[in-house]
Amino acid sequence: MSAPKLLILYGSQTGTAQDTAERIGRQAQRRRMQVKAEALDSYNVANLISESLVVFVCSTTGQGDPPDNMKNFWRFVFRKSLPAGSLCRLDCAVLGLGDSSYPKFNFVAKKLHKRLMQLGASVLLPVGLADDQHDLGADGVIDPWLTSFWERAQALYPTPAGQSLISVDEPLPPRYVFRFLDDVTENRADRRRVPEPPISPSQTHTFPGRVVSNKRVTHASHFQDVRHIEFDITGSDIEFTAGDVVMMRPCNTPEDVEQFCQLLRLDPDRQFTLSPTNCDTGLYSVPARLAQPCTVRHLVESFLDIAAVPRRSFFELLATFATNELEREKLSEFNSAQGQDELHAYCNRPRRTALEVLTDFPHTTAELSVDYLLDLFPEIQPRSFSIASSLLAHPNRIQILLAVVHYKTKMHLPRKGLCSSWLASLDPTQGDVYVPLWVKKGSMKFPKDPYSPVIMVGPGTGVAPFRSALQERIAQGKTANVLYFGCRSQSKDFYCSSEWEEMEKAGQLTLFTAFSRDQEDKIYVQQRVQEQAELLWDLIANKNGYFYIAGNAKQMPTAVCDALKEGFQSQGGVSSAEADEMLVAMERAGRFQSETWS
């Protein structure tokens with residue numbers, strides 16, 4: 001009897017769904033299954049009709065959108081021409097990863113689950129709806145869901161006779177083998193050389209954008225360091241419009257790279273080549289971003305996400321190397337169902353990094369094989385920033401507004417955002433500095449009709465896409481622009497205030513501000529929206545206005561929507577239910593759009 005096959009297809013934006021898919025793959029390997037995990041858009045979807053068992057793991061991005069690496073699959077699977085029974089031979093399960101603080105929680109997983117059933121697939125268990133807001137994070141849902149999945153899957157696809165499960169204490173083979181090159185070290189001059197730009201910048205072929213300026217735009221006494229950073233993209237052929245985003249991949253700090261290499265006794269200047277361990281199956285290929293040969297320094301600095309809070313899979317693999325009794329006991333506890341709260345308290349709540357975990361388990365770290373580095377540490381994921389400028393106002397330039405992430409937990413050292421801290425540290429006055437970047441389309445679209453008013457609510461750095469939109473629209477002669485901006489203090493964090501003032505004087509902008517801490521009673525943008533109910537009703541109901549929200553996803557978007565609907569009721573004489581329907585209709589027509597983040 002041959003080993004049963006399992007295909008795991010994932011749609012992942014930040015790497016979490018990919019990590020979960022690979023974790024399921026390792027569990028399948030321990031059950032002696034033939035397993036393959038790949039991104040949905042890398043898979044030939046026409047082969048789905050001949051698969052027997054598939055797990056779909058997918059996140060939801062933006063406002064209920066599929067991740068970038070499953071968009072082509074998404075379009076295909078929802079074709080109306082697909083026959084109702086086309087997947088009748090397929091057994092499957094869907095696991096969604098989401099955050100219930102967003103209105104369209106796990107929308108992609110729910111919709112895919114329903115569509116697979118429409119196409120005749122046999123769904124083994126209800127859709128899994130993992131939630132970042134769970135007390136134990138996403139694993140609080142993933143763990144029991146996987147237990148149920150394996151019960152169903154192994155009843156249908158049992159382990160071949162005579163074979164036992166591979167123990168969780170035994171490490172599985174690594175995905176790659178390192179082959180170090182003798183007497184070849186890195187030429188530091190090669191690291192400073194600016195790469196030749198590709199014709200069309202993309203995730204795999206980035207453009208080296210030169211940092212022109214990096215200025216703090218909050219007062220020195222303000223708790224939050226916010227930067228206005230400008231990049232020169234001359235010669236890139238990059239084009240973008242208001243609402244688009246620029247993507248960048250950060251680097252680990254030199255101090256972290258040095259500490260990592262010391263812990264694992266690696267020479268950072270040593271060169272190596274990578275080979276997949278299963279060349280015959282083609283299951284894994286060498287990551288395109290890693291040149292062959294590659295230095296240890298480049299791998300650790302630019303590829304391995306050693307400064308991230310490690311996921312559950314990190315501890316599962318780390319435990320297989322533990323020989324010290326105390327460390328083995330602690331790692332076993334972290335990997336047990338009973339130890340999840342303790343793992344969360346140790347790792348997730350204080351935001352402990354993978355590098356800090358290695359220092360806490362020195363004996364286990366000393367046992368690590370270099371071949372497992374790409375199994376232990378995920379790839380550093382790109383970060384996206386709303387572009388805060390227009391090519392019509394600033395040719396050959398991209399500008400962003402960046403809030404530097406810096407906060408304290410019970411850990412001795414403050415927690416820092418990898419990308420924001422890295423970007424903030426770049427000083428163009430000390431010589432040319434380049435950042436690999438590319439641009440992708442954003443979710444916000446602005447009206448082409450020159451007479452349609454645009455109402456924008458963007459407190460804090462949420463104003464970034466609206467600065468781009470205002471520059472673009474004013475250059476096109478579109479002056480029906482309303483901006484609601486909110487921050488703590490007019491004197492400390494009122495970004496771009498002189499620009500808004502100039503636009504107001506020129507009759508190109510109507511500005512409403514809310515400075516929450518400049519008076520005893522806090523004032524927020526939703527109150528300003530409430531106060532201008534008559535104006536907003538006129539712009540939306542009588543002049544075909546468009547309404548946009550950008551900023552933090554906590555309370556602001558909901559509060560602004562509530563204020564807007566209250567205005568519909570007070571000015572339009574509609575009921576609460578009718579106000580809800582109006583907002584839904586606006587969203588369907590593209591006249592209500594939001595871009596929020598947690």
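Residues numbered from 1 in each chain as written. Predicted model: local features only at pLDDT ≥ 70, side-chain atom pairs only at ≥ 80, totals over all residues. Heavy atoms only, no water.

Engineer: Looking at this structure, how should I read the overall build of the protein?
Structural biologist: Tallying secondary structure elements over the protein gives 20 helices and 22 strands in all. For a compact globule of 598 residues, the expected C-alpha radius of gyration is about 25 Å, and the protein comes in at 26 Å, within 12% of that figure. Judged by the C-alpha coordinates and their principal axes, the protein covers about 80 × 60 × 50 Å. Scored against the burial criterion, the 598 residues of the protein give a buried share of 51%. A fraction of 77% describes how many contacts in the protein between residues 6 or more apart in sequence connect residues 24 or more apart. In the form shown here, the protein has an accessible surface area of approximately 28000 Å², with 49% of it arising from carbon and sulfur atoms. Treating the 64 positive side-chain charges of the protein as one cloud and the 71 negative ones as another, the clouds have centres 3 Å apart. (Helix = DSSP H or I, 4+ residues; strand = E, 2+ residues; numbered from the N terminus. Rg over C-alpha atoms; globule rule 2.2 N^0.38 Å. Buried < 20%, exposed > 50% of the residue type's maximum accessible area, 1.4 Å probe, protein only. Contact = heavy atoms within 4.5 Å. Areas by Shrake-Rupley, 256 points an atom, 1.4 Å probe, with all protein chains shown as cover. Lys, Arg positive; Asp, Glu negative; His and termini not counted. Charge placed at Lys NZ, Arg CZ, Asp CG, Glu CD.)

Engineer: What is the right way to read the nonpolar core from this model?
Structural biologist: Across soluble globular proteins, nonpolar side chains have a tendency to be buried as a group. Formed by 40 residues in total, the largest nonpolar core has its most connected members in Phe 260, Leu 299, Leu 304, Leu 373, Leu 374 and Phe 377. For this core, the element with the most residues is helix 8 (residues 312–319), which contributes five residues. Contacts of Leu 299, omitting those with residues within four sequence positions, involve Phe 178, Phe 272, Leu 290, Cys 294, Leu 304, Leu 373 and Leu 374. (Core = buried A, V, L, I, M, F, W, Y, C linked by side-chain atoms within 4.5 Å.)

Engineer: Would you mind going over the sheet that holds strand 22 (residues 592–597) with me for this structure?
Structural biologist: Spatially, five strands are ordered 20-19-18-21-22 in an open sheet, and the strand pairing comes out parallel. Either end of the sheet is taken by a strand with one partner, and the two such strands are strand 20 (510–515) and strand 22. Averaged over all pairs of adjacent strands, the angle between their axes in this sheet comes to 10°, without regard to strand direction. Judged from the six bridges that link them, strand 19 (residues 481–487) and strand 20 form a sheet pairing that is parallel. When the sheet's bridge partners are listed, Gly 486 is paired in strand 20 with Ala 514. The strands touched by helix 18 (residues 533–542) are strand 18 (454–457), strand 19, strand 20 and strand 21 (546–552); relative to strand 18, the strand with the most contacts, the crossing angle is about 130°. (Pairing = 2+ DSSP bridges. Axes fitted to C-alpha atoms, helices over the stretch in contact; angles between N-to-C directions.)

Engineer: Just checking my understanding: could you explain the environment of Val 529 for this structure?
Structural biologist: When you line up the elements, Val 529 lands in helix 17 (residues 525–531). Spatially, the C-alpha atom of Val 529 lies 9.8 Å from that of Ala 559, the residues being 30 residues apart in sequence. Contacts of Val 529, omitting those with residues within four sequence positions, involve Val 457, Tyr 484, Leu 536, Val 560, Ala 563 and Leu 564.

Engineer: Explanation requested: the confidence of the model for the protein in the structure shown.
Structural biologist: This prediction gives the protein a mean pLDDT of 93; 96% of its residues lie at or above 70. Overall, residues 188–193 carries pLDDT values under 50, and its contacts beyond four positions in sequence, including any with other chains, amount to five contacts. (pLDDT = per-residue confidence, 0-100.)

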